[in-house]
Amino acid sequence: MSSYPVDIDNHDEDPIILNVGGVKYEVMPSTLAQYPETLLGNIFHPNNRHLRKPDKKGEYFFDRNGASFDVILNYYRTGKIVIPPNVSEEIIREELRYFKIDYKGNLGGGSGGNSGFQSKEEDEDDKIMKQPKDQVYDYAQGLIHSTNRADIKRGLKFIGKLREMEPNSYLYRYSYSFACYRLGENVKGIQTLQEILATDQHNPQAKSLLTLFNDVRLSNTRNGIVMCCLAVIGIYGFIKVRKWYQLAKLLNNVSIPTSAVDAASSAIKSVGSSVIGAASGNIGTSSVVGPLSSSIPHTIVSNIPTEKIINHVVEKVVTDSATSVANNTLNTISEASINSLSQSNVQSIPIDQFNNLVSNTFSR
């Protein structure tokens, strides 16, 4: 367990008296506050003055073993546990547990190891509940103000038992609600506060704590709405991306049957001389485009993108194509080809795309 420096200017300068089982010890609050995770360190921390409840003499009474407390106090002063020969190790382990000191060092002296210190929590809780109610409440208060969630739950358990003994106690009910607030158990906390306000509608502490509960609920609602919106957007985006991926995968997997490529290649080769003649202006373009498009078997090329057929055909017959064609003749052949292809069940492509394909073919 680590100690923390305490700002002396913000702390008590006067020593306090701890009455432990009738044995009195005098100590500076800053000495105890070095270990804020312990029971005494939490109570006497400068930010937790509201947890201190001295008796009429100004002393702080703890119904514990006064003879062994010297070992506990020595820990706050030196950070070490040294057990005198006349003190039982088992007693020291119980006191360490009560004062919430998580000592990692070796206690020494005894062959029992850590078995006594690792006793069941339920047995220790029963021992604590046998003490006076005020002592149990002070102990529970230290727990519910802890930074450890497990300690807060344990403190809530003690206060719940005190409520069973005195159901109408405002002090127990309010502390119970505060513990619920720290644990995020809004329903139980709000119900308890409503019980308080049912008998005391103007209770400032209950109303303030209820406001904190409502703020938390409002914040949780807003966060929930934002998370739902983000989830919807994420799901919608996932569906759209998935569809795009499937479409791209489908297009990439489309294969052109060899028979379709061969048929188209043969058709173009058969009119190859006519294409060159049309390019030279000796033959009409319609006499070339018509036989070319009608020569491609409809049953083979249906449902296959036209641009894929053209790409395959171009690769197949590029060596047999004309080497140069005038641009105006190419545009004429392209337009006529698109018109002819659009009359069949083969999907047409834009004129600019077809021009590029034909240009690339005949320029090789």
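Everything below is about the structure shown above.
Residues numbered from 1 in each chain as written. Predicted model: local features only at pLDDT ≥ 70, side-chain atom pairs only at ≥ 80, totals over all residues. Heavy atoms only, no water.

Our next topic: the overall build of the chain. A count of helical and extended segments in the chain gives 17 helices and three strands. Taking all 364 residues of the chain together, 41% fall into the buried category. For the chain, the proportion of contacts with a sequence separation of at least 24, taken over those separated by at least 6, is 64%. On the chain, roughly 20700 Å² of surface is accessible, and the fraction owed to carbon and sulfur atoms is 52%. (Helix = DSSP H or I, 4+ residues; strand = E, 2+ residues; numbered from the N terminus. Buried < 20%, exposed > 50% of the residue type's maximum accessible area, 1.4 Å probe, protein only. Contact = heavy atoms within 4.5 Å. Areas by Shrake-Rupley, 256 points an atom, 1.4 Å probe, with all protein chains shown as cover.)

What follows concerns a nonpolar patch on the surface. On the surface, Val226, Met227, Leu230 and Ile233 cluster together into a nonpolar patch covering about 420 Å² of accessible area. Position of Ile233 among the secondary structure elements: in helix α10 (residues 204-252). Under the relative-accessibility criterion, Ile233 is labelled exposed at 58%. (Patch = residues over 30% accessible without salt bridge, like charges linked within 9 Å, V, L, I, M, F, W, Y side chains within 5 Å. Salt bridge = Lys/Arg side-chain N within 4 Å of Asp/Glu carboxyl O.)

So, on to the nonpolar core. Formed by 55 residues in total, the largest nonpolar core has its most connected members in Leu18, Leu32, Leu40, Phe69 and Phe99. In contact with Leu18, other than residues within four places in its own chain, are Val23, Lys24, Tyr25, Val27, Leu32, Leu40, Phe44, Tyr60, Phe62 and Phe69. (Core = buried A, V, L, I, M, F, W, Y, C linked by side-chain atoms within 4.5 Å.)

To continue, consider the packing of aromatic side chains. Counting across every chain of the model gives 13 aromatic pairs. Judged by centre distance (5.9 Å) and plane angle (80°), the ring pair of Tyr35 and Tyr76 falls under edge-to-face. Of the two residues, Tyr35 sits in the loop between α1 (29-32) and α2 (39-43) while Tyr76 sits in helix α3 (residues 69-78), which places them 41 residues apart along the sequence. In this pair, the class of Tyr35 matches that of Tyr76, namely buried. Ring plane angle 70° and centroid distance 5.6 Å describe the contact between Tyr139 and Phe158, whose orientation is recorded as edge-to-face. Residue Tyr139 is located in helix α6 (residues 133-144), and its partner Phe158 is located in helix α7 (residues 149-165); the two are separated by 19 residues in the primary sequence. You'll find Tyr139 and Phe158 in the same group, each marked buried. An aromatic cluster is present here, built from Tyr25, Phe62, Phe69, Tyr98, Phe99, Tyr139 and Phe158 joined pairwise through their rings. The cationic tip of Arg64 hangs over the ring face of Tyr98; the distance from NZ or CZ to the ring centre is 4.1 Å. Here the guanidinium or amino end of Arg163 rests over the ring plane of Tyr176, the centre of that ring lying 4.8 Å away. (Phe/Tyr/Trp six-rings, centres within 6.5 Å; stacked < 30°, edge-to-face > 60°. Lys NZ or Arg CZ within 6 Å of the ring centre and 35° of its normal.)

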